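Observations on chain architecture
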There are 2 protein chains.
Amino acid sequence: MENYAKLWLGYTEKKNNRESKCLKKIVLSGAAESDTIVKNTVLELKSGIKAMLGFEPEIIVSADNILSSMDLSSGKYILDAEEYSVQIEDDGLFIESKSASGILYGAFDVLRTIACEKSIEKSYSSVKTVRPSNPLRMLNHWDNMDGSIERGYSGRSFFYKNDEIIIDERTKDYARLIASVGINAVVINNVNVKSAASYMITDRYFEKLAQLGEIFAGYGIGLYLSLNYASTIEIGGLDSADPLDERVIAWWKEKMAEVFKKIPTLKGFLVKADSEGRPGPFTYGRTQADGANMLADIVKEYGGIIIWRCFVYNCRQDWRDRKTDRARAGYDNFMPMDGDYHDNVILQIKNGPMDFQIREPISPLLGGLKKTNQMLEVQIAQEYTGQQIDVCYLIPEFKEILGFKTYCSETDDTVADIINGKTFNSRFSGIAAVTNTGNDFNWTGNYLAGANLFGFGRLAFDTSLTSEEIAEEFIRMTVSGDDNVVDVIMNILLPSRDIYEKYTCPLGIGWMVTPATHYGCSVDGYEYDRWGTYHRADHLGLGVDRSDNGTGYALLYNEPNASMYNSPESCPDDLVLFFHHLPYTYVLHSGKTVIQHIYDSHFEGYDEAERSAKEWDSLKGKIDDEIFENVSERFKRQLINAREWRDQVNTYFYRKSGIPDEKGRQIW
Amino acid sequence: MENYAKLWLGYTEKKNNRESKCLKKIVLSGAAESDTIVKNTVLELKSGIKAMLGFEPEIIVSADNILSSMDLSSGKYILDAEEYSVQIEDDGLFIESKSASGILYGAFDVLRTIACEKSIEKSYSSVKTVRPSNPLRMLNHWDNMDGSIERGYSGRSFFYKNDEIIIDERTKDYARLIASVGINAVVINNVNVKSAASYMITDRYFEKLAQLGEIFAGYGIGLYLSLNYASTIEIGGLDSADPLDERVIAWWKEKMAEVFKKIPTLKGFLVKADSEGRPGPFTYGRTQADGANMLADIVKEYGGIIIWRCFVYNCRQDWRDRKTDRARAGYDNFMPMDGDYHDNVILQIKNGPMDFQIREPISPLLGGLKKTNQMLEVQIAQEYTGQQIDVCYLIPEFKEILGFKTYCSETDDTVADIINGKTFNSRFSGIAAVTNTGNDFNWTGNYLAGANLFGFGRLAFDTSLTSEEIAEEFIRMTVSGDDNVVDVIMNILLPSRDIYEKYTCPLGIGWMVTPATHYGCSVDGYEYDRWGTYHRADHLGLGVDRSDNGTGYALLYNEPNASMYNSPESCPDDLVLFFHHLPYTYVLHSGKTVIQHIYDSHFEGYDEAERSAKEWDSLKGKIDDEIFENVSERFKRQLINAREWRDQVNTYFYRKSGIPDEKGRQIW
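Criteria and thresholds
- Residues numbered from 1 in each chain as written.
- Chains lettered and ligands numbered in written order.
- Predicted model: local features only at pLDDT ≥ 70, side-chain atom pairs only at ≥ 80, totals over all residues.
- Heavy atoms only, no water.
- Helix = DSSP H or I, 4+ residues; strand = E, 2+ residues; numbered from the N terminus.
- Rg over C-alpha atoms; globule rule 2.2 N^0.38 Å.
- Buried < 20%, exposed > 50% of the residue type's maximum accessible area, 1.4 Å probe, protein only.
- Areas by Shrake-Rupley, 256 points an atom, 1.4 Å probe, with all protein chains shown as cover.
- Lys, Arg positive; Asp, Glu negative; His and termini not counted.
- Charge placed at Lys NZ, Arg CZ, Asp CG, Glu CD.
- Pairing = 2+ DSSP bridges.
- Axes fitted to C-alpha atoms, helices over the stretch in contact; angles between N-to-C directions.
- 1 Å grid on protein atoms, 1.4 Å probe; cavity = no way out; pocket = protein on both sides within 12 Å on 5 of 7 lines; lining within 4 Å.
- Points joined across faces, edges and corners; volume = space filled by probe spheres on them.
- Parallel < 35°, antiparallel > 145°, perpendicular 65-115°, else oblique.
- Left-handed = near helix turned anticlockwise from the far one by under 90°.
- Contact = heavy atoms within 4.5 Å.
- Nonpolar A, V, L, I, M, F, W, Y, C, P; charged D, E, K, R; others polar.
- pLDDT = per-residue confidence, 0-100.
- Buried area = accessible area lost by both parts, 1.4 Å probe.
- Salt bridge = Lys/Arg side-chain N within 4 Å of Asp/Glu carboxyl O.
- Polar contact = N/O pair within 3.5 Å; in protein donor to acceptor, adjacent residues only side chain to side chain.
- Phe/Tyr/Trp six-rings, centres within 6.5 Å; stacked < 30°, edge-to-face > 60°.
- Least-squares fit on C-alpha atoms with pLDDT ≥ 70 in both.
- Disulfide = S-S within 2.5 Å.
- Expected span 1.5 Å × (residues − 1).
- Arc of directions from axis to C-beta.

What about the overall build of chain A?
- A count of helical and extended segments in chain A gives 20 helices and 17 strands.
- In terms of C-alpha radius of gyration, chain A reaches 25 Å, essentially the compact-globule figure of 26 Å for 668 residues.
- When its C-alpha atoms are laid out on the principal axes, chain A stretches across 75 × 65 × 50 Å.
- The buried share of chain A, reckoned over its 668 residues, is 65%.
- Of the roughly 23,200 Å² that chain A leaves accessible, carbon and sulfur atoms contribute 48%.
- Counting 73 positive and 98 negative side-chain charges, chain A places the centres of these two groups 2 Å from one another.

Right under this line is the structure:
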């Protein structure tokens, strides 16, 4: 009995490619045999092919053109190094790269092709070259050292227990799993750094962190830590964390010298400052740039980078105040210093201006900032999107985000272009996901939530992949290669984000969620609270006026986006209540009124969720029982949740508007 | 430096009565000198008079007509025994009673007269005889053995710490404090009996409980425990708690024999069964009477009684369901068995049918049950009435409750008549309060909340006292005898319940409160939840139809109450939304519309709270600094709370109804 699922590295027996001649001999070209990554690659190929196809390939390593695999002097350099090619030549399969990491990714490409039962001959008859889309492809763990996980929905941490770091077989398999989909950077602790985690940069944890960093490095993964901005006070014994205070700077210099010496594989830090009660430079009248630059200057000599979160807003807002707009806060706090951030600082920007709602516009910092290293932050932990109870395949959303045209330059103006470093020739850039893992047997609570972990890595590595391609790979590699099963699960995954949106918050308004837990409906739950998250519904209409008549937020975008969002006539339906306060009787582009859209979408959303659940039921006996039962049980809970959302939202707006459903369906 | 306030037993120096000749010699007539209660009485009189007046009285004990002070064979017997007389005769002050407890109460009467600086000569020139109104005058502590207190707002428990029972000086002073106001029964642990508390009836705690019971007995206080109904399973090793199962009965017989032997002063048990997840006879298809009678029969031979709470309702209701009515539940669950409960069972009935909202009708069980021992339960812990942050003097509410005419018989039909045993010649009856104490220096969080502890005892002992008399005694005994100070605080206390009602839930609807914590406004907080607590507000009106057109709850009352409540025309304004769903434009008896009443009362409530706070400010320098600062700080929080309630309730109903305030005041 195993302790955890192998997911897409399960390597079960496959029918196709058993006679593939080119798989008998594999040449790894461009890295040294002595490199740990290469050793791991050889092991992976041998065991994977043996398990899937029944024979062990001969593997030849040829060390031409070796580059240091994780030199971080610039993002472009990483892209060059991590690019790989796979091609069939006369006497076998050639995997080439300028780095061991690239070789590893090439090997996983081959293993994935076999696992998906695609023909090796067809796949690699002409050379297949893949260049990673993003230099940094990162997971952020919100794991606490007591073993809990903030917004974790799949068990306890597999990194920590009782304030100790766990290193075991699962640690290595975790590294294999995420490296296989292209992740090259991991922050292992919660951005809210408290209690024992404040001591990660002390002797107490150096030895274990060094070990962990070595394991990660063996799979091309850089180790990062979340940093307590107030370390000088909390562990340093100083009375200040002022970034311009010489004592503070001196303390950090000494501390960083020690930390990078004791944890040689460490790549840098993630910092959440001045946010939701966390300390930061604002306390001392300094800017966010002052704080980030101070740390960046100190870690520079160790090749370190500082990733600085832009999630800074007033979380003590008065609900009566209609001038303050939380959506503006990131922009207002970070834009004025564009160009001031030093070149080893990266600003990490959430995809939307609020906080991972099911539908938000793109953060106007993306396309706003022009002289600053930027990284996109998304959340595969389904905090507001069903908490790994409800199925919600997020890759279609991430595709929308990446494809959004910011008009920040004449070409290369999509979010994807900005974060891959192309638009502004950024020194560092990339994409990070708040991860959805825990020590549950299947790692992600709902087995299907594994598609988000798998898919995030795949998409971060190659943003040209489609949601369909990624879903199909996930299903074939982890559930079944049976075409009917694949079809059924594709039909569940692909519309799941739209379904979740339909039965929850309509037209981009967001936040009708149970306070604190963030699961389940509470239309007024945040309406009279301090978090800046309001729907402003009255008996005539709802929505937040963020046009030039309101908070002016719409105008933070480049044209023509600003004009598009500024007017309800041109604003897309799915965001219209985010930008405008509209009457229930307002007619959308769809031809429906706002109120009828609310009713229709909520009835549809529930019905479609129910249909998905039934489709899943049809898989009984056709797939692994454990997977079947896991997802079945989650669907039961999803339907209870979806019904509550449907009925509470419909009832709330019917009671408030007095306008009946055109179709006369049951509203309470 | 003391560890806790002495409250009304502070015994500070007094000017009046220093020359009172009759205080030099006090005769205690009717009890034995060897009785612990008598010894305590003598000590109290000597030390109290010495501290207040500067001399020590001679005390003579005369043992004529001694009765056992705490024989519980019937309530009437208790009343006879605890009655006392105080009178000046030639050679001194005579305190007479048929029991030591009565003597103690008489002594506290004298001490109170001195503390309030009333003339002893005038007070006792003719004989003053006081007969307690209620046989059982009880406090219910919701203290847990880990030291926490469920719904406690004044620190930790002074009975428990880390699962151990604390016995120290404070234990004795607690007994003195509550005996001095007439309390004669205390349940020392939470009705939700869990964890260590389940082991109270085992060897683990017998020794300490016996000690505690002795201390209580020395002040005429009976010790009671809350019982875990499922003890047979949780500590007995059986697989059942079926009250008709012979093994269960046998286990309880043996257990009770042991418990009453080891804790000789024990008087009985309080049981919360089949309520909010607690186990009970329903699990086994038995009635509440089956459960209560089984235990009562067993404890009978030890003179024990079983107090059985009537707080049984479906706490998993569907908000869509308009037929189920939580208000009916107590009646529906307990009325059918009227007459079945054995004669040492007492049903403990909350004052209202819901749960201690600021305004509820009287429980229809009071006046419904005719052949059952009954006890009224009120809550001085301010769970829903400001949590000892907001001032809310509850005695006026308790006076209303006691004075309510149930029409259950031609005379003696008030709630007071029922619970004092008169109406139905009940064997046992009385009144219990869920108490508001904790280990805060001042015992009750807000110093002024002490008036509820003091007042509950005084009122339970003598229901003829007025709210004003009680408030004045409290102020004079604990704050100041200065007439101006007394006036100011009377003006704060007396209207405080009306003020709290005004800025919170209008017209009897209740429940617009933050879920779980129960402090602060959340109009829809319980509207879509499972607790049976709804306001049903839509764009046209609000309220719950409990008339014969609705749930029929109104008809559970005796006539003419049933008819009065059944029609909005005759229903009192302050309960009209409890009984009826009315349009916002409905005109109340006050001449105002419902919506205008909501606006007016909320603006008034806040303004009046603000005025009270200012009145308190005028006391700076005139009273003890610690008391002044304590209440000042609470008033600051009360005003923040009141402002939120005012603005959220007004905004909610304005947004929903679209009807503006006639007076054009600020609504958001």
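Points about the sheet that holds strand S12 (residues 305–309) of chain A
All names here are of chain A.
- Ordered in space as S6-S9-S10-S11-S12-S13-S14-S15, the eight strands form a closed barrel in which the pairing is parallel. If you compare each strand with its neighbour and ignore which way they point, the axes differ by 25° on average.
- Sheet analysis places strand S13 (residues 345–350) next to strand S14 (residues 374–379), joined by four bridges and oriented parallel. Bridge pairing in S14 places Lys350 opposite Glu377.

Looking at the layout of surface pockets
- Roughly 1,400 Å³ of volume is contained in the largest pocket.
- As for the largest pocket, its lining consists of 49 residues, and the residues nearest its centre are Pro515(A), Ser522(A), Gly525(A), Pro515(B) and Ser522(B).
- Only helix H20 (625–657) of chain A together with helix H20 (625–657) of chain B provide two or more residues apiece to the lining of the largest pocket.

Topic: the packing of helix H16 (residues 496–503) of chain B against helix H19 (residues 594–617) of chain B
Residues and elements named next belong to chain B.
- Direction vectors running N to C along H16 and H19 enclose 140°, while the axes themselves pass 7 Å from each other. The angle between the axes of H16 and H19 places the two elements in the oblique class. As H16 runs across H19, the sense of the crossing is left-handed. Taking contact as the criterion, the partners of Ile499, Lys502 and Tyr503 in H16 are, on H19, Ser601, His602, Glu604, Gly605, Tyr606, Glu608, Ala609 and Ser612.
- Within the contact of H16 with H19, the residues separate by chemical class into four nonpolar, four polar and three charged.

Quick notes on the pairing of strand S14 (residues 374–379) of chain B
Residues and elements named next belong to chain B.
- Of all six residues in S14, six are buried, a share of seventy percent or more.
- Alternating residues of S14 divide into Gln374, Leu376 and Val378 and Met375, Glu377 and Gln379, and every residue in both groups is buried.
- Two elements, S14 and strand S15 (residues 429–434), share six bridges in a ladder whose sense is parallel. In the sheet register, Gln374 faces S15, and the bridge partner there is Ser429.

Some remarks on the sheet that holds strand S2 (residues 58–62) of chain B
All names here are of chain B.
- On the basis of which strands lie adjacent, the open sheet formed by five strands has the order S2-S1-S4-S3-S5 and mixed pairing. Among the strands making up the open sheet, the edge pair consists of S2 and strand S5 (128–130). With direction set aside, neighbouring strand axes in the sheet form an average angle of 15°.
- Contacts from helix H3 (residues 100–115) reach strand S1 (25–29), strand S3 (84–89), strand S4 (92–97) and S5 within the one sheet, and its direction differs from that of S4 by about 140°.

What to know about the confidence of the model for chain A
All names here are of chain A.
- Per-residue pLDDT for chain A averages 96, and the proportion of residues at 70 or more is 98%.
- Here residues 66–70 scores under 50 on pLDDT; set against residues more than four positions off or in separate chains, the count is 18 contacts.
- What the predictor reports for the complex is a pTM of 0.93 with an ipTM of 0.89.

Examining the interface of chain A and chain B
- Contacts between chain A and chain B engage 23 residues on the former and 23 residues on the latter.
- Counting each side, the surface lost to burial between chain A and chain B is near 2,100 Å², with a carbon and sulfur contribution of 50%.
- Looking at the side of chain A facing chain B, the largest losses of area belong to Arg320(A), Tyr528(A) and Arg655(A), adding up to 39% of the total buried there.
- Summed over the shared surface of chain A and chain B, the result is eight salt bridges.
- Ionic pairing is found between Glu527(A) and Arg655(B), a salt bridge with its closest N-O pair at 2.8 Å.
- On the surface where chain A and chain B come into contact, there are eleven residue pairs in polar contact (both at pLDDT 80 or more).
- Grouping the constituent residues of the side of chain A that touches chain B by class yields six nonpolar, five polar and twelve charged.

Focus on the packing of aromatic side chains
Residue and element names in this part refer to chain A.
- Within this structure, the stated rule accounts for 66 aromatic pairs over all chains.
- For the ring pair Phe159 and Phe216, a centre distance of 6.4 Å and an interplane angle of 65° mean the geometry is edge-to-face. In this pair, Phe159 sits in the loop between strand S6 (136–140) and strand S7 (160–161) while Phe216 sits in helix H6 (residues 203–217), placing the two residues 57 residues apart along the sequence. Taken individually, Phe159 and Phe216 each receive the classification buried, so the pair is uniform in this respect.

Let's talk about the relation of the copies chain A and chain B
- Overlay of chain A on chain B (RMSD 0.0 Å): rotation 180°, translation along the axis 0.0 Å. Read as a symmetry element, the transformation amounts to a two-fold axis. The rotation axis passes nearest to the C-alpha of Lys656(A) in chain A, at a distance of 2.6 Å.

Considerations on the state of the cysteines
- Going through the model one piece at a time under the given rule, you end up with zero disulfides over all chains.
- Free cysteine: Cys116(A), not disulfide-bonded; nearest cysteine sulfur from Cys22(A) at 17 Å.
- Here Cys116(A) falls in the buried class, since its relative accessible area comes to 8%.
- Looking at Cys505(B), it has no disulfide partner, and the nearest cysteine sulfur is the one in Cys521(B), 7.5 Å off.
- Judged by its relative accessible area of 7%, Cys505(B) falls in the buried class.

With respect to the pattern of salt bridges
- Considering all chains together, one arrives at 94 salt bridges over all chains under this definition.
- Across the salt bridge formed by Asp173(B) and Arg176(B), the nearest N and O atoms sit 2.7 Å from each other. In this pair, Asp173(B) and Arg176(B) are both assigned in helix H5 (residues 169–180), three residues apart and thus about one turn of the helix distant. For the residue pair Asp173(B) and Arg176(B), the accessibility class agrees, reading buried in each case.
- In this structure, a network of salt bridges that share partners links the residues Lys502(A), Lys592(A), Asp600(A), Glu604(A), Glu608(A), Asp661(A), Lys663(A) and Arg665(A).

Some words on helix H8 (residues 246–262) of chain A
Residue and element names in this part refer to chain A.
- Look at H8: 24 Å from first C-alpha to last across 17 residues, which is about the 24 Å you get at 1.5 Å a residue.
- Restricting attention to buried positions, one finds in H8 the residues Val248, Ile249, Trp251, Trp252, Lys255, Met256, Val259 and Phe260. On an axial view of H8, the arc spanned by its buried residues comes to 155°, and they lie on one face. Opposite its buried face, H8 presents the exposed residues Glu246, Glu254 and Lys261, each directed more than 90 degrees away.
- Each element contacted by the buried residues of H8 is listed here: H6, strand S10 (222–227), helix H7 (231–234), strand S11 (266–271) and helix H9 (288–299).

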